[in-house]
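What follows is the residue order along each chain.
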Number of protein chains: 2
Amino acid sequence: MPIDISGWKHIFKIDPDRYLSDEHLDLLCESGTDAVMVGGSSGVTFDNTVDLLSRVRRYEVPCLLEISESDAIVPGFDAYFVPVVLNTEDGQWITGQQQQAVREFGATMDWDLIVPEAYVILNKHSTAAKVTGATEVRDEKDLIAYARLADRLFRLPILYLEYSGTFGNMELVRKASAVLQQARLFYGGGIDGPDRAREAAEAAHTVIVGNVIYDDIDKALSTVRAVKG
Amino acid sequence: MPIDISGWKHIFKIDPDRYLSDEHLDLLCESGTDAVMVGGSSGVTFDNTVDLLSRVRRYEVPCLLEISESDAIVPGFDAYFVPVVLNTEDGQWITGQQQQAVREFGATMDWDLIVPEAYVILNKHSTAAKVTGATEVRDEKDLIAYARLADRLFRLPILYLEYSGTFGNMELVRKASAVLQQARLFYGGGIDGPDRAREAAEAAHTVIVGNVIYDDIDKALSTVRAVKG
């Protein structure tokens, strides 16, 4: 039975390659967030992923791995989120690495735990955009087309709009959300406190809070209350 | 209500850019095949697609368009099959052209008629492989991984193994078929008569018969009986 993401409004995303004290991790896991997602764009290893999993596992909060390195696929998570980048000309980020991981683990993996995410990378200056060779989303029509591609052609369960480090255009996010028939819209990028969290939560189904965890734990925690009431 | 492909064993694929007499078209459409698919890899235009549709429309057989050119998307088909190439490094063939077509037609299209096909191109010397920059499928593990990628990660309804001009390795096809949980396996390539049609039909759910239509209409017709009866 796949994990039920339909009620999720808030996720904390923590990076195995960044230091997080036990005290702060405890605050995050007990905050009332809907899930803790483990993932990062560089320096993710099997060892630091195992370490973070074992620390989050003491809590009841669902713990997800967002797969970036096939070397760092650690058993024991509640679900495995697999990014599929829609706006790139580099097939490695759409099907290539995914096929390699399936080649390695496909025979033994529990597919009920696998959740593909249709990524659209919207900050063209971000590391994520550079690494994946993301193509620019030029206008609203472009974004709506990606939303429909994810939702209707591929019927993926998640459309993840990744503004990575900047706060996005919420009118655009709302418009993308409005065309979805079955996918959930995940929003990530620039949520640095309760106001932006609230604003993003009005446009998206689920907001992802990452960097501010490492900059200001109190502000990070305040995003949960802002989003979940 | 999406078209039901689950009982299909045989499809004739006809090319708008190749000459087919009314008499031969009549024989194909009345042959007992499960569907007629219109599609080609070059020279497909709106005009020659409209023309072929209007000729096939006189018959009861389901008529599908396999989209290759967004300029040649003609209304009035029973379904629109959208190829998504899994084994390429060129994102244009996985999500790029698809997004462009959705950008243009997404607001008005009837999504119930849209059927995505996960393509794996297996003849590396074929035009299809060259045009799409298809990467080589090196071994059985590679093919099985593509099959699982299509069936389990993307949950696409069709895995299309395209040997394009050559007759494939039926043991490999059978093994790919065996790992599918929901997708239907379409096989295309080198079916030049009843023996190969029968052999392919034992390995795949559905066989696609194309070129032999233009070379030897009687042999083409005999593939229907070989597969279905």
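Residues numbered from 1 in each chain as written. Chains lettered and ligands numbered in written order. Predicted model: local features only at pLDDT ≥ 70, side-chain atom pairs only at ≥ 80, totals over all residues. Heavy atoms only, no water.

Asks: Would you mind going over the overall build of chain A in detail, with residue names and values included?
Replies: From N to C terminus, chain A includes 9 helices and 8 strands. The globule rule puts the C-alpha radius of gyration for 229 residues at 17 Å, and the 16 Å found for chain A is close to it. Its C-alpha atoms give chain A principal-axis dimensions of about 45 × 45 × 35 Å. Looking at chain A as a whole, 57% of its 229 residues are labelled buried. Expressed as a percentage of contacts within chain A between residues at least 6 apart in sequence, the contacts between residues at least 24 apart total 69%. Accessible surface for chain A amounts to roughly 9,700 Å². Of this, 45% is attributable to carbon and sulfur atoms. Averaging the locations of the 22 positively and 35 negatively charged side chains of chain A gives two centres separated by 7 Å. (Helix = DSSP H or I, 4+ residues; strand = E, 2+ residues; numbered from the N terminus. Rg over C-alpha atoms; globule rule 2.2 N^0.38 Å. Buried < 20%, exposed > 50% of the residue type's maximum accessible area, 1.4 Å probe, protein only. Contact = heavy atoms within 4.5 Å. Areas by Shrake-Rupley, 256 points an atom, 1.4 Å probe, with all protein chains shown as cover. Lys, Arg positive; Asp, Glu negative; His and termini not counted. Charge placed at Lys NZ, Arg CZ, Asp CG, Glu CD.)

Asks: Tell me what's going on with the environment of Ala204 of chain A, and back it up with residues and numbers.
Replies: Residue and element names in this part refer to chain A. Structurally, Ala204 is set in the loop between α7 (194-203) and β8 (206-209). Taking the relative accessible area as the measure of exposure, Ala204 reaches 7% and is therefore buried. When the C-alpha atoms of Ala204 and Thr135 are compared, they prove to be 22 Å apart, with 69 residues separating the residues in sequence. In this structure Ala204 touches Val173, Leu185 and Tyr187, once residues within four positions along its chain are discounted.

Asks: If you had to explain unusual backbone geometry to someone new, which residues and values would you point to?
Replies: Residue and element names in this part refer to chain A. One non-glycine residue, Ser164, lies in the positive phi region at around 40°. Mapped onto the secondary structure, Ser164 falls in the loop between β6 (158-162) and α6 (170-179). Taking relative accessible area as the criterion, Ser164 reaches 24% and is therefore assigned partly exposed.

Asks: Requested: an account of the interface of chain A and chain B, with residues and values cited.
Replies: Of the residues lining the interface, 32 residues belong to chain A; the matching set on chain B comes to 32 residues. Carbon and sulfur atoms supply 63% of the area that chain A and chain B bury against each other, a total of about 3,000 Å² over both sides. Counting the contacts that link chain A with chain B gives 4 salt bridges. Of all elements in the fold, only β4 (79-85), α3 (96-105), β5 (114-121) and α5 (140-153) of chain A reach the threshold of two or more residues within the side of chain A that touches chain B. Residue contributions to the side of chain A that touches chain B peak at 8 residues, all from α5 of chain A. Tallied by class, the residues present in the side of chain A that touches chain B amount to 15 nonpolar, 8 polar and 9 charged. (Buried area = accessible area lost by both parts, 1.4 Å probe. Salt bridge = Lys/Arg side-chain N within 4 Å of Asp/Glu carboxyl O. Nonpolar A, V, L, I, M, F, W, Y, C, P; charged D, E, K, R; others polar.)

Asks: Mind laying out the relation of the copies chain A and chain B, listing which residues take part and the relevant values?
Replies: Expressed as a screw transformation, the operator carrying chain A onto chain B has a rotation angle of 180° and an axial translation of 0.0 Å, and the superposed copies differ by an RMSD of 0.1 Å. With respect to symmetry, the two chain copies, as superposed, fit the operation of a two-fold axis. Looking at the rotation axis and the C-alpha trace of chain A, the residue lying nearest is Gly91 of chain A, at 2.2 Å. Residue by residue, 100% of the interface of chain A is reproduced at the interface of chain B, so both copies engage with the same surface. (Least-squares fit on C-alpha atoms with pLDDT ≥ 70 in both.)

Asks: Which residues make up the UniProt feature "binding site: Mg(2+)" (unreviewed entry) in chain A, and what values go with them?
Replies: All names here are of chain A. Under the UniProt annotation, the feature "binding site: Mg(2+)" (unreviewed entry) is placed at Asp15 and Ser41. Despite a sequence span of 27 residues, these residues sit close together in the fold, their greatest C-alpha distance being 8.4 Å. Judged by relative accessible area, Asp15 falls into the buried class, the value being 16%. Setting aside anything within four residues of it in sequence, one finds Asp15 in contact with Gly39, Gly40, Ser42, Leu52 and Tyr214. You can see Ser41 is positioned in the loop between β2 (35-38) and α2 (46-56). (UniProt positions renumbered as here; feature names shortened; annotations may be inferred.)

Asks: So what's going on with the packing of aromatic side chains? Residues and values would help.
Replies: On inspection of all chains with the given rule, the structure shows 15 aromatic pairs over all chains. On the numbers, 4.3 Å between centres and 15° between planes, the contact of Tyr119 of chain B with Tyr160 of chain B is stacked. In this pair, Tyr119 of chain B is assigned in strand β5 (residues 114-121) and Tyr160 of chain B in strand β6 (residues 158-162), connecting sequence segments 41 residues apart. Here Tyr160 of chain B falls in the buried class, since its relative accessible area comes to 1%. Through successive ring pairs, a cluster of aromatic residues spans Trp8, Phe81, Tyr119, Tyr160 and Phe186 of chain A. The ring of Tyr214 of chain A carries the charged tip of Arg18 of chain A above its face, separated from the ring centre by 4.3 Å. (Phe/Tyr/Trp six-rings, centres within 6.5 Å; stacked < 30°, edge-to-face > 60°. Lys NZ or Arg CZ within 6 Å of the ring centre and 35° of its normal.)

Asks: Break down the UniProt feature "binding site: sn-glycerol 1-phosphate" (unreviewed entry) in chain A for me, citing the residues and quoting the values.
Replies: All names here are of chain A. Residues given the UniProt feature "binding site: sn-glycerol 1-phosphate" (unreviewed entry) here are Lys13, Tyr160, Leu161, Glu162, Tyr163, Ser164, Gly165, Gly190, Gly210 and Asn211. Counting through the fold element by element, Lys13 comes out in strand β1 (residues 10-14). At 2.8 Å, the side chain of Lys13 and the side chain of Glu66 are in polar contact. Relative to the elements of secondary structure, Tyr163 occurs in the loop between β6 and α6. (Polar contact = N/O pair within 3.5 Å; in protein donor to acceptor, adjacent residues only side chain to side chain.)

Asks: An account of the sheet that holds β1 of chain A is needed here, citing residue identities and associated values.
Replies: Residues and elements named next belong to chain A. Strand order in this closed barrel of 8 strands is β1-β2-β3-β4-β5-β6-β7-β8, and the pairing throughout is parallel. Each neighbouring strand pair of the sheet contributes to a mean axis angle of 30°, computed without reference to strand direction. Here 5 bridges tie β5 to β6, and the two strands are oriented parallel to one another. For Ile121, the partnering residue across the bridge sits in β6 and is Glu162. Strands β1 and β8 of the sheet are contacted by helix α9 (residues 217-228), whose axis makes an angle of about 160° with β1. (Pairing = 2+ DSSP bridges. Axes fitted to C-alpha atoms, helices over the stretch in contact; angles between N-to-C directions.)

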